[in-house]
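# A structural walkthrough
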Amino acid sequence: MTWPGPAFSTEIPIDRQVEMFLRTAQAVDALQHPLPRSKREWEQRKTILRTRFLARLGDRPATPCPLKPVIVKRIEQPDYIVEALYFQSQPGLYVTATLHLPKLKAGQRCAAVLSLPGHQEIPWDYQVRGIDLARNGIACLAVDAFGSGQRSVAIQIPGQQQLVDKHEARPGIALAALGTPLMGLEVYDHMRALDYLQTRPEIDPHRLGVMGVSGGGSHTGWMIAADPRVRAAVSVAGAPSVREDQFETSLQPADDLRLPNLIANVCACDTLPDGIHWATATENLAMAAPNALMVILCTDGGWLDPHPTATRIAERVRPYYALYGATDKFQCVVDPNPHSFSQWGREHAVGFFKRWLLGEGDGSPVSEKKIEPLPREQLLAFPTADKRPADDL
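These numbers come from a predicted model, not from an experiment. (Residues numbered from 1 in each chain as written. Predicted model: local features only at pLDDT ≥ 70, side-chain atom pairs only at ≥ 80, totals over all residues. Heavy atoms only, no water.)

## Regarding the nonpolar core
Put simply, the test is: To define a nonpolar core, start from buried Ala, Val, Leu, Ile, Met, Phe, Trp, Tyr and Cys residues and group those joined through side-chain atoms within 4.5 Å. Think of it in three bands: with a 1.4 Å probe and only protein chains considered, a residue is buried below 20% of the maximum accessible area for its type, exposed above 50%, and partly exposed in between. The helix count covers DSSP runs of H or I at least four residues long, the strand count covers runs of E at least two residues long, and both are numbered beginning at the N terminus. Whether two residues are in contact is decided by their heavy atoms, any of which lying within 4.5 Å being enough.
Core analysis: the largest hydrophobic core is formed by 57 residues, its most contacted members being Phe53, Leu141, Trp278, Leu293 and Phe330. In terms of residues, this core owes the most to one element, helix H5 (residues 182-199), which gives 7 residues. Those residues in contact with leucine 293 that sit more than four places away from it in its chain are Ile224, Ala233, Leu285, Ala288, Tyr321, Lys329, Phe330, Gln331 and Phe352. Counting residues in hydrophobic clusters, the runner-up holds 22 residues, among them Ala232, Val236, Met294 and Val350.

This is the structure we're talking about:
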């Protein structure tokens, strides 16, 4: 697509010029993809969007490598079980994780939710989600992101005193030059995490969900686009459509800004190459239909989740669900708390997953009982460096 607006000017700040470009490009392109007239039309477009999305994620193995999973530790608690483990996503690339499991009877199977990481390592937060779901009969696998947690990549930047060990720093950016942007590497990790869940005998391979907050909320949207195995999803404070109002705009109705923290993005893990030409933010979320989707927006979350957009998100996504007669499977709610996966949000998410993965209840929030997480040291897949696999990259 060629530049449809005015030429770039040295008199206008570059960030303003990029904003002008996005607005104009969105106006032109969004008008080319109005709401589909039928379910069949949307399914055809959804197939095209998924193919194009996966192509933009860069190189990945033609054949998935063996997972080679290792359960390092298994701890039984009175009302749940937790395991520290790791598995191989690509040759020599290991994903560390914790798996919370409900107490099951012999031969019984449960649904499972993949808990995606954001940009802070908060073991307490991830444990709380896993424990709460396990107590309610749903397994929860929480994975570390590449370059974070136990998968940190430490580099020394000249002129700085400290090592940088987060993936949004130079390691994440450098991956793009190797043919696989960081976002592509992480989405593939998450797809392999679903592969792992499907190997577990106590988990029903057909009842899988995904959830995440902030960066994990964004990646929940990416997983909706990448993997049709996701039967229910909860995106908190980071759904791509939340960023439609990243800029104030008077373009109506074609102001569905592309996924794109293309400008204000804080991390390479959330930047889709050529994302502006892929799909509108609404289309990304609508790819979940007819499977269940809950979008939770937070109050006072800044540009990541300006809650007034909730009405517009609902207005734009719900018609896609109507094509399937499944508007009850889409919810958009506003958490009264700041940017986080608060207890309010967790209670709503648990009720939502119980309805759509277990067939229990009407989706109403489920009260969270007191939770006492375990010390982080008890859940390390690699408690010491010598415990890493010999071929670990």
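## Comments concerning the pattern of salt bridges
To keep it simple, the criterion reads: The working definition used for a salt bridge is a side-chain nitrogen of Lys or Arg within 4 Å of a carboxyl oxygen of Asp or Glu.
Throughout the structure, instances matching the rule amount to 18 salt bridges. Note that glutamate 43 and lysine 46 form a salt bridge whose closest N and O atoms lie 3.2 Å from each other. In this pair, glutamate 43 and lysine 46 both sit in helix H2 (residues 39-56), 3 residues apart, roughly one turn of the helix. When its relative accessible area of 7% is taken as the criterion, lysine 46 is described as buried. Members of the salt-bridge network, linked through shared partners, are Arg74, Glu83, Arg200 and Glu202.

## Describing unusual backbone geometry
Note the cis peptide between alanine 289 and proline 290, where omega equals 5 degrees. Looking at where proline 290 falls in the secondary structure, it is placed in the loop between helix H7 (281-286) and strand S10 (292-298). Of note, lysine 68 is a non-glycine position whose phi angle comes to about 45 degrees, a positive value. Within the secondary structure, lysine 68 sits in the loop between H2 and strand S1 (70-77). For lysine 68, a relative accessible area of 39% gives the class partly exposed. Positive phi, normally seen in glycine, also occurs at serine 214, with a value near 60 degrees. Of note, serine 214 is situated in the loop between strand S8 (203-213) and helix H6 (215-226). The buried category is assigned to serine 214, whose relative accessible area is 17%.

## Section: the environment of valine 113
Mapped onto the secondary structure, valine 113 falls in strand S4 (residues 110-116). Separated by 21 residues in the primary sequence, valine 113 and alanine 134 have C-alpha atoms spaced 9.9 Å apart. Leaving out residues up to four positions away in the same chain, valine 113 has contacts with Leu133, Ile138, Ala139, Cys140, Leu141, Gly209, Val210, Met211, Phe353 and Leu357.

## Overview of the packing of H5 against H6
Inclusion rule: Here the axes come from fitting lines to C-alpha atoms, over the contacting stretch only for helices, and the angles between their N-to-C directions go from 0 to 180 degrees. Angle categories: roughly parallel below 35 degrees, roughly antiparallel above 145, roughly perpendicular from 65 to 115, and oblique for all the rest. In this scheme the crossing of two helices becomes right-handed for a clockwise turn of the near helix relative to the far one and left-handed for an anticlockwise turn of less than a right angle.
Contact pair H5 / H6: the axes reach a minimum separation of 10 Å and the direction vectors enclose 70 degrees. As far as their axial angle goes, H6 and H5 are roughly perpendicular. The handedness of the crossing between H5 and H6 comes out as right-handed. Facing Met183, Glu186, Val187, His190, Met191 and Leu194 of H5, the residues of H6 in contact are His219, Trp222, Met223 and Ala226.

## Here we look at the side chain of threonine 220
Spelled out, the test is: N or O atoms within 3.5 Å of each other form a polar contact, as long as, within protein, one can give a hydrogen and the other can take it, and as long as residues adjacent in sequence are counted only when both atoms are side-chain atoms.
Mapped onto the elements, threonine 220 comes out in helix H6. We classify threonine 220 as buried; its relative accessible area is 0%. Polar side-chain contacts of threonine 220 include one of 2.8 Å to the backbone oxygen of glycine 216. Dropping the residues within four chain positions of it, threonine 220 is found in contact with Leu116, Val210, Met211, Gly212, Ala233, Val234 and Ser235.

## Some points on the pairing of strand S2 (residues 80-90)
As a reminder of what qualifies: The criterion for strand pairing is that DSSP finds at least two bridges linking the strands in question.
In terms of burial, S2 is largely enclosed, as 11 of its 11 residues are buried. Relative to S2, S1 runs antiparallel, the two being bridged by 7 bridges. Residue pairing for S2: lysine 73 is matched across the bridge by alanine 84. Pairing of S2 with strand S3 (residues 93-101), which is carried by 9 bridges, proceeds in the antiparallel orientation. Bridge assignment links alanine 84 to a residue of S3, and that residue is threonine 98. Hairpin connection from S2 to S3: 2 residues lie between these consecutive antiparallel strands, with glycine 92 at a positive phi of about 80 degrees.

## Considering the sheet that holds strand S11 (residues 330-335)
Overall, mixed pairing links the 9 strands, which are arranged S1-S2-S3-S5-S4-S8-S9-S10-S11 in an open sheet. Since the sheet does not close on itself, it has two edges, and those belong to S1 and S11, each with one partner. Strand after strand, the sheet turns through a mean of 20 degrees between neighbouring axes, direction not considered. Where S4 and strand S5 (residues 138-143) come together, 5 bridges link them in parallel fashion. Looking across to S5, one finds that valine 113 is bridged to cysteine 140.

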